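Letter by letter, the chains look like this.
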Protein chains: 2
Amino acid sequence: MEQRHAAVLKAAGMKATPKRLAILELLEAESGYASPEELWKTLKGRFDRLGLPTVYRNLEELSESGVLTKVIHPNRQLYYYFCSNPEHHHHFVCLSCRKVEDIPSCGIEALEREVSIRNGGKVLSHILQLNGLCGGCAKKGEKA
Amino acid sequence: MEQRHAAVLKAAGMKATPKRLAILELLEAESGYASPEELWKTLKGRFDRLGLPTVYRNLEELSESGVLTKVIHPNRQLYYYFCSNPEHHHHFVCLSCRKVEDIPSCGIEALEREVSIRNGGKVLSHILQLNGLCGGCAKKGEKA
DNA sequence: CCTCTAAATAGAAATGATTTCGTTTTAAAA
DNA sequence: TTTTAAAACGAAATCATTTCTATTTAGAGG
Ligand SMILES: [Mn+2]
Ligand SMILES: [Mn+2]
Ligand SMILES: [Zn+2]
Ligand SMILES: [Zn+2]
């Protein structure tokens, strides 16, 4: 429902433009993640004009405001996913069909087995990375 | 020791060329991760000729054979890290000074606290992503 | 409803990290 | 040594992503 997305945008301090609403609707309808260009190709038919930079810009802004989630992909291109789960959780992403499934807990070894068994899928690799500042740098404030 | 690296390369089925050895030595000497261009700038002075594509190629090959580890960075550029720890583990990377610290276990919540307290650092964000194939796709074999 | 303005968009062009490609060099097996 | 598949060169291409300036618009306020 457009109303719901408009509220989400307002809550994020963003104007509820038709293009933003269309992006959210499309991504929510998708079962998986999508690239900026893919979304653009689908959406540009629905508008007189729609620039690819606009799609990039909005996806980035929506990601920063937490409405969308970025997917880290081996091909290092950008992909976004609409996830309405407000709880802290992680994702299992399928590299083939792009489906995204929530993973509620954070124990990796156990998780891999769980995912394999529960969904019948196969975990080929996993990424766990903590980003931040080490003790020394946290004091100075960051430099680069 | 060059001998040790030569053995590592041989074990990986790669020729022990001077440039590969230099890359490994430099990365091992670094306490943190480095980009292809940074390595190239440092190393090209030590050779009559050293092409940036050669550095890229070797880093990728070394990463694929498990000798080096890729770092996932918010700026989405490539960074590599030399890690000799053969055990399964993950990394805490400092976005400021690029130091990399091993993280032996896989419980994220507990880990964030642990890292913060033990090293006095600050975890700004974390990435946990399982890559693989869902049940449906694992059967068919992958498509994209 | 209008007006007004900061925010959003267009679209062409630039960017720049990464890759490609055809040629030349070299590690190391025999 | 000889041989050759692998490695390196480096200029050029690629292409996803970003930048830039002019134009349009959402929505607050009247
Ligand atoms: Mn989710
Ligand atoms: Mn390590
Ligand atoms: Zn640091
Ligand atoms: Zn799948």
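Residues numbered from 1 in each chain as written. Chains lettered and ligands numbered in written order. Predicted model: local features only at pLDDT ≥ 70, side-chain atom pairs only at ≥ 80, totals over all residues. Heavy atoms only, no water.

A.B. asks: Mind showing me how you'd approach the domain arrangement of chain A here?
C.D. replies: A common measure of how large an interface is: the accessible area buried when the components associate. Residue and element names in this part refer to chain A. For chain A, the domain assignment lists domain 1 (1–84) and domain 2 (87–144). In this structure, domain 1 and domain 2 have C-alpha centres spaced 22 Å apart. Of the roughly 870 Å² buried between domain 1 and domain 2 on both sides combined, carbon and sulfur atoms contribute 63%. On the domain 1 side of the interface with domain 2, the three residues burying the most area are Tyr33, Tyr81 and Cys83, jointly 49% of the side's total. Taken together, the connections running from domain 1 to domain 2 amount to 1 salt bridge. For Glu38, the salt bridge is made with Arg98, and the minimal N-O distance between the two is 2.6 Å. Taken together, the elements giving at least two residues each to the side of domain 1 that touches domain 2 come down to strand 1 (68–71) and strand 2 (79–82). (Domains from an automatic or database assignment. Buried area = accessible area lost by both parts, 1.4 Å probe. Salt bridge = Lys/Arg side-chain N within 4 Å of Asp/Glu carboxyl O. Helix = DSSP H or I, 4+ residues; strand = E, 2+ residues; numbered from the N terminus.)

A.B. asks: Could you clarify how one ought to interpret the sheet that holds strand 5 (residues 122–133) of chain A in this entry?
C.D. replies: One key point about sheets: their strands pair by backbone hydrogen bonds, in either a parallel or an antiparallel sense. Judged by pairing direction, the sheet is mixed, and its 6 strands sit side by side in the order 4(A)-3(A)-5(B)-5(A)-3(B)-4(B) without closing on themselves. Only two strands of the sheet have a single neighbouring strand rather than two, namely strand 4 (100–103) of chain A together with strand 4 (100–103) of chain B. Averaged over neighbouring strand pairs, the angle between their axes works out to 25° when direction is ignored. For strand 5 of chain A and strand 3 (residues 90–94) of chain B, the ladder comprises 4 bridges, and the chain directions are parallel. By the bridge assignment for strand 3 of chain B, A:Asn131 is matched with B:Val93. Packed onto the sheet, helix 5 (residues 108–119) of chain A meets strand 3 (90–94), strand 4 and strand 5 of chain A together with strand 3 and strand 5 (122–133) of chain B and runs at close to 145° relative to strand 5 of chain A. (Pairing = 2+ DSSP bridges. Axes fitted to C-alpha atoms, helices over the stretch in contact; angles between N-to-C directions. Contact = heavy atoms within 4.5 Å.)

A.B. asks: How do you make sense of the relation of the copies chain B and chain A when you look at a structure like this?
C.D. replies: Both copies of the chain are related by a screw-like operation: a rotation about an axis and a shift along it. Each copy of the sequence occupies a distinct position, and chain B is placed on chain A by a rotation of 180° and an axial shift of 0.0 Å, giving an RMSD of 0.1 Å. The operation mapping one copy onto its partner corresponds to a two-fold rotation axis. The share of interface residues of chain B whose copies in chain A are also at the interface is 98%, consistent with both copies meeting through the same surface. (Least-squares fit on C-alpha atoms with pLDDT ≥ 70 in both.)

A.B. asks: Before we go on, may I ask you to explain the protein's contact with DNA strand D in this structure?
C.D. replies: Neighbouring residues of DNA strand D: 20 residues in total, closest A:Tyr56, B:Lys19, B:Arg49, B:Leu50 and B:Thr54. Put simply, 78% of the atoms of DNA strand D that lie within 4 Å of the protein are in sugar or phosphate. Measuring from a phosphate oxygen of DNA strand D, one finds a side-chain N or O atom of A:Tyr56 at 2.6 Å. Measuring from a phosphate oxygen of DNA strand D, one finds a backbone N or O atom of B:Arg49 at 2.5 Å. At the level of elements, helix 4 (52–64) of chain A together with helix 2 (18–29) and helix 4 (52–64) of chain B are the ones that each hand at least two residues to the surface near DNA strand D. (Near = heavy atom within 4 Å. Polar contact = N/O pair within 3.5 Å; in protein donor to acceptor, adjacent residues only side chain to side chain.)

A.B. asks: Mind showing me how you'd approach the coordination of the zinc ion (ligand 4) here?
C.D. replies: For a metal with four donors in a tetrahedral arrangement, the ideal angle between donors is 109.5 degrees, while six donors in an octahedron ideally sit at 90 or 180 degrees. The protein atoms that coordinate the zinc ion (ligand 4) are A:Cys94 (SG), A:Cys97 (SG), B:Cys134 (SG) and B:Cys137 (SG), at distances of 2.2 to 2.5 Å. Taken together, the 4 donor atoms coordinating the zinc ion (ligand 4) and their angles of 100 to 129° define a geometry best described as tetrahedral. Of the two residues, A:Cys97 is situated in the loop between strand 3 and strand 4 and B:Cys137 in helix 6 (residues 135–140); the pairing between them involves two chains. A relative accessible area of 3% means that B:Cys137 is categorised as buried. (Donors = N, O, S within 2.8 Å, 3.2 Å for Na, K, Ca; no water. Tetrahedral: all angles 85-135°; square planar, octahedral: opposite > 155°, others 65-115°. Buried < 20%, exposed > 50% of the residue type's maximum accessible area, 1.4 Å probe, protein only.)

A.B. asks: It is not clear to me how helix 4 of chain A should be interpreted in this structure. Could you clarify?
C.D. replies: Residue pairs three or four apart in sequence face the same way in an α-helix, which turns once every 3.6 residues. Residues and elements named next belong to chain A. Between its first and last C-alpha atoms helix 4 spans 18 Å; for 13 residues at 1.5 Å apiece the expected length is 18 Å, and the two agree. Inspection of helix 4 places Thr54, Val55, Asn58, Leu59, Leu62 and Ser63 among the buried residues, and these make up the whole buried set. Buried positions in helix 4, seen along its axis, are confined to an arc of 160° and lie on one side of it. Residues of helix 4 that are exposed and angled more than 90 degrees away from the buried face: Pro53 and Glu64. Looking one or two residues past helix 4, Gly66 carries a phi angle of roughly 85°, positive in sign. (Expected span 1.5 Å × (residues − 1). Arc of directions from axis to C-beta.)

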